[in-house]
Amino acid sequence: MVRTSPNARPEGRRPRSWGWRVALTAVTTAALLVVAHQVAVLLLYALSVRADGVAAARITLVLLGFAVWVPATRVGYRWRDIVLLLIPFYGLFLALRIVWRCWYLPFADWMPRPEQQARWQQVLHPSEPGELLFVPAGRSLPEG
């Protein structure tokens, strides 16, 4: 069960704004895709396999899955959810969502999974009145 402190506000730095998250997510995901694609093409070349678009795209998705595997477990996904990255188009959407959530850490604007709820505390958003967000339960939160 998530602990709720309706008057508590997170201490320290503020969550990133929506605009910064969009920019950081786009740049990070694009960089991951470019690197994964280049590694896929080099891998196909090293194996002396013709690097057609379909084979390179499939290997790129697999490499993208490996790249976001560990960060995904920190932002509410289970390790087995990463298999969904292999689904064309949805995999790209899921990678964008994982990177989007990573750029909001240590805050969370999503509901934690039941097994993770003991580690999170719900508090008021420091810059958006009336909004709530989650912070790690171990953080000291001043009242008021």
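We now turn to the structure provided with this report. (Residues numbered from 1 in each chain as written. Predicted model: local features only at pLDDT ≥ 70, side-chain atom pairs only at ≥ 80, totals over all residues. Heavy atoms only, no water.)

Interaxial distance between helix H2 (residues 53-74) and helix H3 (residues 90-102) falls to 10 Å at its minimum, and their mutual angle equals 35 degrees. Read as a crossing pair, H2 and H3 show a hand that is left-handed. Contact residues: H2 offers Leu 64, Val 68, Pro 71 and Ala 72, while H3 offers Ala 95, Ile 98 and Cys 102. Taken together, the residues of the contact of H2 with H3 sort by class into 7 nonpolar, no polar and no charged. (Axes fitted to C-alpha atoms, helices over the stretch in contact; angles between N-to-C directions. Helix = DSSP H or I, 4+ residues; strand = E, 2+ residues; numbered from the N terminus. Left-handed = near helix turned anticlockwise from the far one by under 90°. Contact = heavy atoms within 4.5 Å. Nonpolar A, V, L, I, M, F, W, Y, C, P; charged D, E, K, R; others polar.)

For the rest of this paragraph, the subject is the nonpolar core. Here is a general trend for soluble globular proteins: nonpolar side chains tend to be buried in one another's company. In this structure, Val 75, Tyr 77, Leu 85 and Ile 98 are the most contacted members of the largest nonpolar core, which totals 15 residues. Excluding its chain neighbours within four sequence positions, the residues that come into contact with Tyr 77 are Ala 72, Leu 94, Arg 97, Ile 98, Arg 101 and Arg 113. Core analysis: the second largest hydrophobic core is formed by 5 residues, Tyr 104, Val 123, Leu 133 and Val 135 among them. (Core = buried A, V, L, I, M, F, W, Y, C linked by side-chain atoms within 4.5 Å. Buried < 20%, exposed > 50% of the residue type's maximum accessible area, 1.4 Å probe, protein only.)

Time to look at the pattern of salt bridges. Tallied over the entire structure, the rule returns 3 salt bridges. Put simply, Arg 113 and Asp 81 hold a salt bridge, and the shortest N to O gap is 3.1 Å. With a gap of 32 residues between them, Arg 113 in the loop between H3 and strand E2 (120-124) and Asp 81 in the loop between H2 and H3 connect regions that are remote in the sequence. Residue Arg 113 is classed as partly exposed on the basis of its relative accessible area of 22%. Each of Arg 78, Asp 81 and Arg 113 takes part in salt bridges that share partners, so that together they form one network. (Salt bridge = Lys/Arg side-chain N within 4 Å of Asp/Glu carboxyl O.)

Here we come to the side chain of Asp 81. The buried category is assigned to Asp 81, whose relative accessible area is 10%. Among the polar contacts listed, one links the side chain of Asp 81 to the backbone nitrogen of Arg 78, at a separation of 3.0 Å. Here the side chain of Asp 81 touches Arg 113 through a polar contact of 3.1 Å, side chain to side chain. (Polar contact = N/O pair within 3.5 Å; in protein donor to acceptor, adjacent residues only side chain to side chain.)

To continue, consider the packing of helix H1 (residues 18-46) against H3. Where H1 meets H3, the closest approach of the two axes is 9 Å, and the angle between their N-to-C directions is 130 degrees. It follows that H1 is oblique to H3 by the angle criterion. Crossing hand, H1 versus H3: right-handed. Along its contact with H1, which presents Trp 18, Arg 21, Val 22, Thr 25, Thr 28, Thr 29, Leu 32 and Leu 33, the element H3 presents Leu 92, Leu 96, Val 99, Trp 100 and Arg 101. Looking at the contact of H1 with H3, its residues break down into 8 nonpolar, 3 polar and 2 charged. (Parallel < 35°, antiparallel > 145°, perpendicular 65-115°, else oblique.)

Let us now look at the packing of aromatic side chains. Under the defined criterion, the tally for this structure stands at 4 aromatic pairs. Consider the rings of Tyr 90 and Phe 93, whose centres lie 5.7 Å apart with planes at 45 degrees: the pair is tilted. Pair noted here: Tyr 90 and Phe 93 are both in helix H3, with a separation of 3 residues, about one helical turn. Its relative accessible area of 35% is what places Tyr 90 among the partly exposed residues. (Phe/Tyr/Trp six-rings, centres within 6.5 Å; stacked < 30°, edge-to-face > 60°.)

Next up on the list: H2. Compared with an ideal rise of 1.5 Å per residue, which puts 22 residues at 32 Å, H2 spans 32 Å between its outermost C-alpha atoms and is within 8% of the ideal. When the local axis directions of H2 are compared, the greatest deviation, roughly 45 degrees, occurs at Val 68, which is followed within four positions by the proline Pro 71. Considered for burial, the residues of H2 that qualify are Ala 56, Thr 60, Leu 61, Leu 64, Gly 65, Val 68 and Ala 72. Those residues of H2 that are buried lie in contact with H1 and H3. Looking one or two places after H2, you find Gly 76, whose phi comes out positive at around 95 degrees. (Expected span 1.5 Å × (residues − 1). Bend = angle between axes of the 7 residues up to and from the residue.)

Worth remembering: the numbers are spatial, not functional.
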